[in-house]
Amino acid sequence: MDITGKKLFVKALLEEGVDTVFAYPGGYITDVLDELYRTDGIRIVLPRHEQALVHEAEGYARATGKPGVCIVTSGPGATNTITGIVDARYDSIPLVVITGQVSQGLIGNDAFQEVDIVGMTRSVVKYGVTVRDRKKLGKILKMAFYIASSGKPGPVLIDLPKDIQLAQGPAEYPSEVHIRGYKPNESVHIGQLKKAYKLLRTARKPLILAGGGVRIAGANEELTRFAEEMHIPVVTTVMGKGAIPEDHPLYVGNSGMHGRYAANTAVNECDVLFSIGTRFNDRITGDLNEFAQHAKIIHVDVDTSSISRNVVVDVPVVSDAKLALEKLLEWASPKKTKSWREQIGIWQQAHPLQMRKDRGMTPQMIMEGINEVFPTGIVVTDVGQHQMWAAQYIKVLNNRRFFTSGGLGTMGFGFPAAIGAKIGSGKEDVVCITGDGGMQMNMQELATCMYEDVDITVCILNNRYLGMVRQFQQVFYGKRYVATSLCNSGGRPQNGKLSDSAEAKYLPDFVKWAESYDALGIRVDNEADIISALRQAKEHKGTAIVEFMIASEEIVLPMVKGGAPMTDMIL
């Protein structure tokens, strides 16, 4: 018996175990949503903007490990998803994005709300297609979920014309799919892995660099055991934060542009760098000619195209991180690295990660307060200075996860991603750390929080500026603070002084804004009130907004100028 395309679509969601979709209605997707309305077991979350919708699906995907499902209409509904799609591609987040489309007879005629969304996103999706044959709909949907989740996860986009949604066709949904030309690596080359292990055995100063691929593969425990068996210290990228518990004696810290002095120095001084699950982006390497110049480099990554693309490596290993580490653990035995670890400890002591405590409330104090009040759960950040402070001072242990926008660095990501993470994780505490600039990019999603009964705590670090760009202006552009002031100073503080004064009016009032949505709003001006404010927010049943008023002059240290060697740290 034949059924409509919209019925088969809903059947596919149920077969794939989808329990939540993030959807925004419109003329060319209403038939699909109407069919979902008739279906039990699938929650429809209505965000307030399609960009936020994709970020919410990203947060959900990270929290659950399942693909986030997005449903939007054609035209602006589709184009509004592009930023989130690119974000998911850079950070390897599985998404299935369904866009409505005009009927096929209108495609190419500049019809109302017609856009070539497949063409627009072709370079940033793992798979994108406009469905043109109702008979192929089931296979295409199966392919979408398989491709999004397998190999190196990422976004796929299925463009669904209105006539396909309504057309009759086969009711069968395939249980599996074989895709010609797409064969994700599901094994590890033992010969290459033995070369890597032999190189580690001969090293005097070995170092592990762990990226987000370790977390995606669920290989945290294996990485920790391998480091322990071999006595090898570990540094992480920002996306790899939490790959090993941060209180572990072998953990050195994050490396990169705002990484710890000891971590960056260890990368520079090691003789074998065992990198796993990272693509060596410029925020990690700096000047490629100076990166780990004394080291033989091993690179383990599931994506063949990532190996030797940025950094030419000595031993490439194409493998899922978990598979590679499981095999290495069969061979692992202790190495004598005591003197090397002691040297790293000396670097740690010489330049500890510490902010001044004599200038009032600092971001470090706020992060330490979050560590104390929210010891478990999920921490989600937006992008900017607060993101780097969180990466430096939030402690990710076995009972906590850390989500951020790493590759694209998307302002506006944090708040909606935290909403999606809470919807996906259920009872876990979710804390969003954001800035006053990033918060205003998707602040409308507070309505989604309230209507969907989402219980999260949002910590806004308000320095009255677009802080990271302002920091660059302070350090590298002669304090010419153009277009970064969020006060009524017109973006041009007089005599290079920042606008901390009461005369510099700031909009909006975040507390009144929170209260206008019936959320809890708290403002904190003094470090003595940090813990009590966070506890009040945690105990509140519902969304709580806590605004921390920090000094505009605070900057993220250490820092390395873009393109400079990672050893050229401003301390």
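What counts and what doesn't
Residues numbered from 1 in each chain as written. Predicted model: local features only at pLDDT ≥ 70, side-chain atom pairs only at ≥ 80, totals over all residues. Heavy atoms only, no water. Buried < 20%, exposed > 50% of the residue type's maximum accessible area, 1.4 Å probe, protein only. Helix = DSSP H or I, 4+ residues; strand = E, 2+ residues; numbered from the N terminus. Pairing = 2+ DSSP bridges. Salt bridge = Lys/Arg side-chain N within 4 Å of Asp/Glu carboxyl O. Lys, Arg positive; Asp, Glu negative; His and termini not counted. Polar contact = N/O pair within 3.5 Å; in protein donor to acceptor, adjacent residues only side chain to side chain. Contact = heavy atoms within 4.5 Å. Disulfide = S-S within 2.5 Å. Domains from an automatic or database assignment. Buried area = accessible area lost by both parts, 1.4 Å probe.

Caption draft 1: View of the pairing of strand 9 (residues 206-210). For strand 9, a buried count of 5 out of 5 residues is recorded, marking the element as mostly surrounded by other parts of the structure. Side chains of strand 9 alternate between two faces, with P206, I208 and A210 and L207 and L209 buried alike. Pairing between strand 9 and strand 12 (residues 272-276): 5 bridges, direction parallel. The residue of strand 12 that forms the bridge with L209 is S275. Relative to strand 10 (residues 234-236), strand 9 is paired through 3 bridges, and the arrangement is parallel. Paired with I208 across the bridge in strand 10 is V234.

Caption draft 2: Spotlight on the pattern of salt bridges. The full count for this structure, using the stated rule, is 16 salt bridges. The salt bridge partner of E16 is K142, with a shortest N-O separation of 3.1 Å. A residue pair is termed long-range when its members are at least 10 positions apart, and E16 in the loop between helix 1 (5-15) and strand 2 (20-23) and K142 in helix 7 (residues 137-149) qualify at 126 residues. The class for E16 is partly exposed, based on a relative accessible area of 25%. With a closest N to O distance of 2.8 Å, R523 and E547 form a salt bridge. In this pair, R523 is assigned in strand 19 (residues 520-524) and E547 in strand 20 (residues 544-549), connecting sequence segments 24 residues apart. The class for R523 is partly exposed, based on a relative accessible area of 35%. One salt-bridge network, in which partners are shared between bridges, spans D509, R523 and E547.

Caption draft 3: Here's a closer look at the side chain of K335. Its location among the elements puts K335 in the loop between helix 14 (321-331) and helix 15 (338-350). Here K335 occupies a buried position and makes no salt bridge, while the nearest side chain of opposite charge, D271, is found at 7.5 Å. A polar atom in the side chain of K335 sits 2.7 Å from the backbone oxygen of A203. Filtering out sequence-adjacent residues up to four positions away, K335 remains in contact with L200, R201, T202, A203, P206, M230 and H231.

Caption draft 4: Summary view of the pairing of strand 16 (residues 400-403). Note: strand 15 (residues 377-381) against strand 16, 4 bridges, orientation parallel. Residue pairing in the sheet places V379 in a bridge with F402 of strand 16.

Caption draft 5: Molecular detail of the state of the cysteines. Inspection of the entire model under this criterion finds 0 disulfides. Considering cysteine sulfurs only, C432 is the nearest to C449, which forms no disulfide, with 9.1 Å between them.

Caption draft 6: The domain arrangement of the chain, seen in detail. Domain boundaries assigned for the chain yield domain 1 (3-169), domain 2 (190-350) and domain 3 (363-549). For domain 1 and domain 2, the distance between their C-alpha centroids amounts to 37 Å. Taken together, the 7 residues of domain 1 in the interface contact 7 residues of domain 2. A combined buried area of about 560 Å² lies between domain 1 and domain 2, and 57% of that area is made up of carbon and sulfur atoms. Sorting the residues of domain 1 by area buried against domain 2 places Y90, D91 and K152 first, and these three jointly supply 63% of that buried surface.

Caption draft 7: Local environment of the environment of S319. Along the chain, S319 turns up in the loop between strand 14 (315-318) and helix 14. Placed 20 residues apart in sequence, S319 and H299 show a C-alpha to C-alpha distance of 9.7 Å. Once you skip the residues sitting within four places of it in the chain, S319 turns out to touch N185, S187, V188, V300, D301, V302 and A324.

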